[in-house]
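# Observations on the three-dimensional arrangement
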Amino acid sequence: MNRLAAPSGIEKRTWTWRRRLAVGAWVFTGLCVLGVLGTVLMVAYGLREPVERDKSCCWEENITPEWAAKSMGFRVPETATDRRAGLRTNMQYDVALLAFTVSTAEADRFLKPLQPEGTQLVHNTTPEEPGYTRSDGFGHLGLPEPETFVDGMRIGGLCRGDAKTPEGRAVQFCTDIYAHEFQPGTTRIYLRASSDAALAKPPA
């Protein structure tokens, strides 16, 4: 009767080495997977966390709608209500915000001279999801971000001198303009101006 020969010492050592190598490979692979997963989670967290952290950072105090309108170069209609303003500063650029509510007819009179020749405000065809926020957004003023609206929303913008009108020449910075008729006959104007140079702050 033939019997299998017992493994020699060399064969035992080879098997033990191979088994250890296999275990080590599995451990290494597991650590790599965990490392990749950890990196993905950190990147995802990093993309969200700065916005959450930054949106409460660097907002100046004592910013009034009157100061913002003057600094940005806009004349707010006297009939405007619910006026709100803010100024966010950082090392790269400053952002001034101004929002107010007027009748839709008054909004049209305000907006018309701010439209460069041959242009018009457009509808928001690519809205952001509800709950969208940004570090320099109108959420700081207690308002939803205008980029999330579709119905009744018109969007435009201009830089200084784009509109050849006294109102257009008065504009000091490149400004995003949003006009939202949130109820029939009533429109909220959102203005967001950005400047690479630091804006002069109002007196404390």
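Residues numbered from 1 in each chain as written. Predicted model: local features only at pLDDT ≥ 70, side-chain atom pairs only at ≥ 80, totals over all residues. Heavy atoms only, no water.

### Quick look at the packing of aromatic side chains
Under the defined criterion, the tally for this structure stands at three aromatic pairs. A centroid spacing of 6.2 Å and a plane angle of 45 degrees characterise the contact between Phe-74 and Phe-110, whose relative ring orientation is tilted. Within this pair, whereas Phe-74 is found in the loop between helix H2 (65-72) and strand S1 (81-88), its partner Phe-110 is found in helix H3 (residues 104-111), the two being separated by 36 residues in sequence. For the pair shown, Phe-74 and Phe-110 are each scored as buried. Ring centres of Phe-138 and Tyr-190 lie 5.0 Å apart, and the angle between their planes is 85 degrees; this geometry places the pair in the edge-to-face category. (Phe/Tyr/Trp six-rings, centres within 6.5 Å; stacked < 30°, edge-to-face > 60°. Helix = DSSP H or I, 4+ residues; strand = E, 2+ residues; numbered from the N terminus. Buried < 20%, exposed > 50% of the residue type's maximum accessible area, 1.4 Å probe, protein only.)

### As for the state of the cysteines
All chains considered together, the criterion is met by two disulfides. Two residues share a disulfide in this structure: Cys-57 and Cys-58, whose sulfurs sit 2.4 Å from each other. Taking relative accessible area as the criterion, Cys-57 reaches 31% and is therefore assigned partly exposed. Disulfide partner of Cys-159: Cys-174, at an S-S distance of 1.9 Å. Linking Cys-159 and Cys-174, the disulfide has an S-S dihedral of approximately 110 degrees and is accordingly described as right-handed. Of this pair, Cys-159 sits in the loop between strand S4 (153-158) and helix H4 (166-170) while Cys-174 sits in strand S5 (residues 174-183), placing them 15 residues apart in sequence. Its relative accessible area of 25% is what places Cys-159 among the partly exposed residues. Disulfides within the chain link the bonded cysteines, taken in sequence order, as 1-2, 3-4. (Disulfide = S-S within 2.5 Å.)

### With respect to unusual backbone geometry
One non-glycine residue with positive phi stands out, namely Cys-58, at about 70 degrees. Its location among the elements puts Cys-58 in the loop between helix H1 (9-54) and H2. A positive phi angle is found at Asp-82, which is not glycine, with a value near 50 degrees. Note on placement: Asp-82 falls in strand S1.

### Quick word on H3
All buried positions along H3 are accounted for by Thr-104, Glu-106, Ala-107, Phe-110 and Leu-111. Angularly, the buried residues of H3 cover 155 degrees about the axis, an arc narrow enough to put them on a single face. Its buried side turned inward, H3 meets strand S2 (94-103), S4, S5 and strand S6 (186-195). (Arc of directions from axis to C-beta. Contact = heavy atoms within 4.5 Å.)

### Let's talk about the environment of Glu-129
Relative to the helices and strands, Glu-129 is located in the loop between strand S3 (122-123) and S4. The class of Glu-129 is exposed, set by a relative accessible area of 61%. For Glu-129 and Glu-147, which are 18 residues apart along the polypeptide, the C-alpha to C-alpha distance reads 8.6 Å.

### A closer look at the environment of Gly-137
Inspection of the secondary structure assignment puts Gly-137 in the loop between S3 and S4. Taking the relative accessible area as the measure of exposure, Gly-137 reaches 2% and is therefore buried. Sequence separation between Gly-137 and Arg-88 is 49 residues; the distance between their C-alpha atoms is 9.3 Å. Those residues in contact with Gly-137 that sit more than four places away from it in its chain are Trp-59, Leu-97, Glu-145 and Arg-192.

### Remarks on the pairing of S1
As paired elements, S1 and S2 share six bridges and run antiparallel to each other. By the bridge assignment, Ala-85 is partnered in S2 with Leu-98. Hairpin connection between S1 and S2: a loop of five residues separates the two successive antiparallel strands. (Pairing = 2+ DSSP bridges.)

### Here's the deal with the pattern of salt bridges
For the structure on display, the rule yields nine salt bridges. Note that Asp-94 and Lys-201 form a salt bridge whose closest N and O atoms lie 3.8 Å from each other. Linking Asp-94 in strand S2 with Lys-201 in the segment after S6, this pair joins segments that are 107 residues apart in sequence. With relative accessibility at 3%, the residue Asp-94 sits in the buried group. Residue class for Lys-201 comes out partly exposed when judged on its relative accessible area of 37%. The partner of Arg-134 in a salt bridge is Asp-136, with the nearest N and O atoms 2.6 Å apart. Residue classification places Arg-134 among the partly exposed residues on the basis of a relative accessible area of 25%. (Salt bridge = Lys/Arg side-chain N within 4 Å of Asp/Glu carboxyl O.)

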